[in-house]
Amino acid sequence: MNTQAVGKALRTAPPTAWFGMIVILAYIAVAFLAPVIAPYGEREVVGQQYLPWSAEHILGTDKLGRDMFTRLIYGARNTVGIAFLTTLLAFLLGSILGLLAATTGGKLDQLLSRAVDVIMAIPALILALLLLTIVGTSITNMILVIALIDSTRVFRLARAVAMNIVVMDYIEAARLRGEGMRHLILREILPNAAAPLVAEFGLRFCFVFLSISALSFLGLGIQPPTADWGSMVRENATLITFGEITPLLPAGAIALLTVGVNFVVDWMLHRASGLKE
Amino acid sequence: MIALRLGLGLVTLFVISLLIFGAVELLPGDIAQEILGQAATPETVAAFRRELGLDQPAYIRYFVWLGDVLQGDFGNSLANGRPITDLIATRLGNTLFLALYAAVIAVPLALTLGILAALFRNSLYDRAVNIFTLTSISFPEFFVAYILIFLLSQTGWFPSIANVSPEMAFSERIHRTFLPALTLTLVVTAHMMRMTRAAIINLLASPYIEMAKLKGASPTAIILRHALPNALAPIINVIALNLAYLITGVVVVEVVFVYPGLGQLMVDSVSKRDITVVQAAALIFACAYVLLNLAADVLSTLSNPRLVHSR
């Protein structure tokens, strides 16, 4: 797609898609500029616990006396960053294996597909809990476990998309030319499978992001003192029953980003399917 | 057709039990050593290994374990040595109660809203519902839960901690678990109604719907009498999928509301690394998930006469 087409697509984008894009850009900006925007240090204890909102502490302080606003901003960096990394890992693993399975076929395809079937027959969160018990809870382990589980979903899609491509004449031609597997996958199949995979990346990111938040909320993912939205909700949850809105803000931050990404993906899928209202 | 699907379901259950058993085998280190601590003498460890049956080869232990599980014996907890069956008995009942409670509200609600959205498609109602559902799919369960606590429990109508006990009266139990059930309802309703709407709208372009329109059937009759019966298969599928999703959702929601269910036990056991309890809970959740998917496939086959009476 050239610049002109991108411009046209953006002009005709519905308000929901615009809203989504602005939200995503804002989160990226906050994640990169966290140390500049945040008034205090991420782990710095700056006052008494549970201070109310004031000029010094815009959103008050948490149960250890750390500035809520600061931790909310650093959360953009930690939570979103880790979710992005995990999605990327799941994508690399899932799409490489999926494309390979579709191109090679035969025993390898059978083996990988059946393994994926088994993993997908167990609910993702339950499998994640089981695997985390075995390897122990830490950020690295959580990233690897979730990437592994989500890569099965990517594998399914990548394989299904590639299956329709490998039967094309130009793939046959490339095979006859004597091109290697690497060339076939990277130069012939991948460019034609890119569009659905990109849309899937957005959806996958939402799932990974929600899984990581859920695990962190359960106390099994990102651990304090690292600022993270899921565990921030858990730490300060008692305030909610007293009618305080502050602990809801990190959860709201999670929801807002997933809504934004979903709106953009919805629009992209709508465009790709050629549906016009 | 159905027999084949049932057989496939059994194979899936078998493979899952193998996977869950095998995963524990991969546990780094020796369970016996871990329980007894570093101070234990090699003789004690060896004796304890014999007691746990760890000196047997893995495949024998697998069949012994499977046989016990099928008789309802999950072994003992690593953390406190109590029989797991005692730990999970009432909790499993509580979890099923909560999931069922949510399903009883969510399924009729989602079907009604979905049919209405198909009836008034592209109206303001339809668009509002579309945005609402897309938004609620994106919300983490604990966000929905805490918003409900924030909005409703301050009024004092519903308690924010769902502590139930076996001897509690049914009405009291319904009242106490209302907020967790409502949370789960909100989480699953959106997806179900979206799919109901899509399944019905997909059919509206068919010639036989055109025919019904031309003979003067009202829009309501077209949707309810002509489109809905043919849309049943995808709708049943999505309902089962969401009930299966309730199984995962229930874990987080139970923790938020301190509800004494299986999910909460599982989360507690993960942080204690009580592998045998996690194993039992994972097996139960996974089986429920597989069985629901199986039920969905069988029911949607039954709803289609062409598949039941296949040549």
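Just so it is clear, the structure is predicted and the values come from calculations on it, not from any experiment.

Concerning helix H8 (residues 181–217) of chain A
Here H8 of chain A is 37 residues long, yet its end C-alpha atoms lie only 43 Å apart, well below the 54 Å a rise of 1.5 Å per residue gives. At the C-terminal side of H8 of chain A, Gly219 of chain A shows a positive phi close to 85°.

Brief notes about the domain arrangement of chain B
How big an interface is tends to be stated in terms of accessible area lost as the parts join. Residues and elements named next belong to chain B. What the domain assignment reports for chain B is domain 1 (2–70) and domain 2 (90–308). For domain 1 versus domain 2, the distance between C-alpha centres works out to 34 Å. Opposite the eleven residues of domain 1 that make contact, domain 2 presents eleven residues.

Some words on the interface of chain A and chain B
Listed per partner, the contact involves 38 residues of chain A and 41 residues of chain B. Among the elements of the structure, helix H5 (124–135), H8 and helix H10 (248–272) of chain A are those that each provide at least two residues to the side of chain A that touches chain B. In the side of chain A that touches chain B, the residues fall into 27 nonpolar, ten polar and one charged.

Re the nonpolar core
By size, the foremost hydrophobic cluster in this structure holds 153 residues, and its most contacted members are Ala128 and Leu129 of chain A together with Tyr146, Ala282 and Ala286 of chain B. Broken down by element, the residue count for this core peaks at 18 residues, all from helix H11 (residues 219–256) of chain B. Taken domain by domain, this core gets at least three of its residues from each of domain 1 (2–70) and domain 2 (90–308) of chain B. When residues no more than four places from it in sequence are discounted, the contact partners of Tyr146 of chain B are Val233, Ala237, Ile240, Leu248 and Ala251 of chain A together with Val256 of chain B.

Considerations on the environment of Phe209 of chain A
With respect to the helices and strands, Phe209 of chain A occurs in helix H8. C-alpha of Phe209 of chain A to C-alpha of Leu112 of chain A: the two residues are 97 residues apart in sequence and 26 Å apart in space.

Here's the deal with the packing of helix H1 (residues 2–25) of chain B against helix H13 (residues 275–302) of chain B
All names here are of chain B. Running from amino to carboxyl end, H1 crosses H13 at an angle of 165°, the nearest separation of the two axes being 10 Å. In terms of axis orientation, H1 runs roughly antiparallel to H13. Handedness of the crossing formed by H1 with H13: right-handed. Residue-level contacts link Ile2, Arg5, Gly9, Thr12, Leu13, Ile16, Ser17, Ile20 and Val24 of H1 to Ile275, Gln279, Ala282, Leu283, Ala286, Cys287, Val290, Leu294, Asp297, Val298 and Thr301 of H13. Residues that form the contact of H1 with H13 fall into these classes: 13 nonpolar, five polar and two charged.

About the thresholds
Residues numbered from 1 in each chain as written. Chains lettered and ligands numbered in written order. Predicted model: local features only at pLDDT ≥ 70, side-chain atom pairs only at ≥ 80, totals over all residues. Helix = DSSP H or I, 4+ residues; strand = E, 2+ residues; numbered from the N terminus. Expected span 1.5 Å × (residues − 1). Domains from an automatic or database assignment. Contact = placed C-beta atoms within 7 Å. Nonpolar A, V, L, I, M, F, W, Y, C, P; charged D, E, K, R; others polar. Core = buried A, V, L, I, M, F, W, Y, C linked by C-beta atoms within 7 Å. Buried ≥ 20, exposed ≤ 12 C-beta atoms within 10 Å, placed from the backbone. Axes fitted to C-alpha atoms, helices over the stretch in contact; angles between N-to-C directions. Parallel < 35°, antiparallel > 145°, perpendicular 65-115°, else oblique. Left-handed = near helix turned anticlockwise from the far one by under 90°.

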